[in-house]
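Chains, contacts and geometry: an overview
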Amino acid sequence: MIDTNKVDAYEALVQFLYRAPIGLVQAGLDGTVDMLNPMSSSLLMPLARDGSLDNLFTVLQDVAPQLRDLTAAVDAPSGVVCEGLRVELGDAAAPGAAQVLALSVLKLDGTRLMATVTDATAEVQREQERLARRLRSQARTDALTRMPNREAVLEQLQQMLGRPPLADGGAQHRGFALLFMNCDRFRQVNDALGQAAGDRLLVQIGDRIRATLRPPSDRIDPHAGAGQMAARVGADEFAVVLDGLRSHDDAERVAARLLDALARPHTLDGQDIVIRLSMGLVWSGDAGREAGEMLRDASIAMVEAKRAGGARCVAFETAMRERAARRADIESDLRQALADDQLFVVYQPVVGLRADGATDHAAGVEALVRWRHPVRGVVPPIEFIQVAEESGLIGALGDFVLRRACSDFAAWQRDLGERAPRLLAVNLSRAQLAEPGWPAVVRDVLAQNGMRPDQLQLEVTESLAAQDQQVQQRLHELKAVGVTLALDDFGTGYSSLSSLHQLPVDTVKIDRSFVCQADTSHHHRVLIEATVKVAQSLGMNTVAEGIETEAQAAAVRAQACAKGQGYLFSRPLAAPDLVDWLATR
Ligand code: C2E
Ligand code: MG
Ligand code: MG
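All of these numbers come straight from a predicted model, not from anything done at the bench.

**A look at the coordination of the magnesium ion (ligand 2)**
Taken together, the protein ligands of the magnesium ion (ligand 2) are Glu366 (OE), Asn427 (OD1), Glu459 (OE) and Asp488 (OD), with distances of 2.0 to 2.2 Å. The sequence pattern formed by the donor residues of the magnesium ion (ligand 2) is E-x60-N-x31-E-x28-D. You can call asparagine 427 partly exposed: its relative accessible area is 29%.

Next comes the structure, spelled out in structure tokens:
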């Protein structure tokens, strides 16, 4: 008797295998197909060259040639031949159908193989997308700080610049801003503490920027701010995108808070490090349409912040673009000027103001650089010294002035004897002091020209002399060479009479802005008098700069200022003219 229950169960199993959404194949150990369900024939058919699915190995020959060997390698009566083997159909794949199959083969016993085939196309696509996403985020992440990088900022800005204006418009219109920050004198940190410490400092700066932006109180509008981002965009450069701002003032408030937070010392290897940042700000309304332009405008404003002394934020204005382009022109022309000998040095007499009213014309001279530009004529230093400092050309420029001035000075000693100037003053810029070997250069130049060190005076501005330890140390090294130091433009910087004793200078040069009112303003006369008194008490010499009239000369003489310099005595002169000037006094 036939057991109908059993027949039904068998039929159900066959139906199940027949309709399963997965390809099932039973084959002999040589690949001969015994049974296969419709799903497996539809998945494998594109691979069957002659339309025949008689042998599994033959069907898969092109895409999985290793299958035959893998099967032979299974010695045991049963076992796994392969599992989830990815098979790409390549050209064989029909459009819109499976592109990749996943194949598993099992040895059932001494004579039979069981294979499953599935469509793995979607899965492979998902994997590829995941991988691409990971690679993309890596390409947009700064490896050191794990912050977004320049690419990420550009992408973000571009997207924000393309945003349609908000519907409410008018008073409620929201904007965004870009802050661009550059560390002031970061190279010094690297030089002094090493690159690894510099790197750690950058990480700390990045963390502090993020922490400062975090408090929701800065979220001016809780519905906006989606685009906010802090990124590292260059070696010592950071950018912050501020989103959802009502006004320019909002951006400036955040900028001020950032600068404040960043001015606090960082602790590095138990040592307190103060690093200042200069910041440029661009408001979305003032920005160009390209993200790259916006970033460039912000960096132009940052350079202006640096030029203004650093550690501050400057908002971008379109006129700055013009100035930046002009500076770039000056820089490239100046490079040429150094190569083509277009620079020269003029000398302004510094005279002794004797108490008896007499004037000592040979007290000294100050060397002042000039540039004979092929098109623009003679260019004054105010137009190119700062560009030279920013572009690193100041080293070569300063060397040129020092060498030329010393050799002229030595020639005067030979030719004029008694009537030759007794002291040569040369202006020094901060960048020259940053060079570790510079004091040795000074010693060499003096020796080459047979000059005594005390015949050379180096002039530094008060903001420079009052600055960091490294500068102080370099100034002391110069003093050890035997040259004297003068504090230039005294009264215009931020150090005061009370801190004069901390500076390693021998002479104080009182700025022209005081001297020019010496005869007309009681207030200025008192300031000059106080400066002379304090300088004298510290054993320092005094020079009044920019004396233009007899009345001014009389006024500073009355305050017992030892020396004077100015158009009243002489304008700066080319070397041969100076010789004539000295001869006629
Ligand atoms: P400084 O060192 O304070 O030089 C004095 C400046 O005042 C000179 O301008 C000089 O021509 C000008 N001056 C002198 N007497 C009078 C006067 O009676 N009235 C007026 N109105 N001006 C007077 P200059 O030559 O244009 O130099 C400007 C600044 O450029 C200098 O100021 C100095 O800081 C810098 N500089 C000049 N040469 C060099 C150099 O070789 N290296 C560096 N690093 N800086 C230099
Ligand atoms: Mg000077
Ligand atoms: Mg001066």
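Having put the structure on the table, let's press on.
**Remarks on the sheet that holds strand 8 (residues 237–245)**
Taken together, the five strands give an open sheet; going across it, the order is 7-8-6-11-12, and neighbouring strands pair in mixed fashion. Edge strands, defined here as strands with exactly one partner in the open sheet, are strand 7 (229–234) and strand 12 (313–315). Within the sheet, the average angular offset between the axes of one strand and its neighbour, ignoring direction, is 20 degrees. Each of strand 6 (175–183), strand 7 and strand 8 touches helix 8 (residues 195–213); the most contacted strand, strand 8, lies at about 10 degrees to it.

**Some points on the coordination of the magnesium ion (ligand 3)**
For the magnesium ion (ligand 3), the full set of protein donor atoms is Asp488 (OD), Asp489 (OD), Glu545 (OE) and Glu545 (OE), at a range of 2.0 to 2.7 Å. Counting gaps between the donor residues of the magnesium ion (ligand 3) yields the pattern D-D-x55-E. Separating the magnesium ion (ligand 3) from the magnesium ion (ligand 2) is a distance of 4.1 Å, and aspartate 488 supplies a donor atom to each of them. Overall, aspartate 488 belongs to the buried group, its relative accessible area being 6%.

**Focus: the nonpolar core**
Membership of the largest hydrophobic core comes to 72 residues, with the highest contact counts inside it found for Tyr347, Trp412, Leu424, Val426, Leu456, Leu458 and Val556. When residues of this core are assigned to their parent elements, the largest contribution, 10 residues, is made by helix 13 (residues 394–416). Beyond its immediate stretch of four places on either side in the chain, tryptophan 412 contacts Tyr347, Val365, Gly417, Ala420, Pro421, Ala575, Leu578 and Val579.

**Considerations on a positive patch on the surface**
Residues Arg126, Arg130, Arg133, Arg134 and Arg136 make up a contiguous surface patch of positive charge. Looking at where arginine 134 falls in the secondary structure, it is placed in helix 5 (residues 121–139). The class for arginine 134 is exposed, based on a relative accessible area of 54%.

What counts, and where the lines are drawn
Residues numbered from 1 in each chain as written. Chains lettered and ligands numbered in written order. Predicted model: local features only at pLDDT ≥ 70, side-chain atom pairs only at ≥ 80, totals over all residues. Heavy atoms only, no water. Donors = N, O, S within 2.8 Å, 3.2 Å for Na, K, Ca; no water. Buried < 20%, exposed > 50% of the residue type's maximum accessible area, 1.4 Å probe, protein only. Pairing = 2+ DSSP bridges. Helix = DSSP H or I, 4+ residues; strand = E, 2+ residues; numbered from the N terminus. Axes fitted to C-alpha atoms, helices over the stretch in contact; angles between N-to-C directions. Contact = heavy atoms within 4.5 Å. Core = buried A, V, L, I, M, F, W, Y, C linked by side-chain atoms within 4.5 Å. Patch = residues over 30% accessible without salt bridge, like charges linked within 9 Å, V, L, I, M, F, W, Y side chains within 5 Å. Areas by Shrake-Rupley, 256 points an atom, 1.4 Å probe, with all protein chains shown as cover. Salt bridge = Lys/Arg side-chain N within 4 Å of Asp/Glu carboxyl O. Lys, Arg positive; Asp, Glu negative; His and termini not counted. Charge placed at Lys NZ, Arg CZ, Asp CG, Glu CD.

Purely geometric stuff here, so don't read any function into it on its own.
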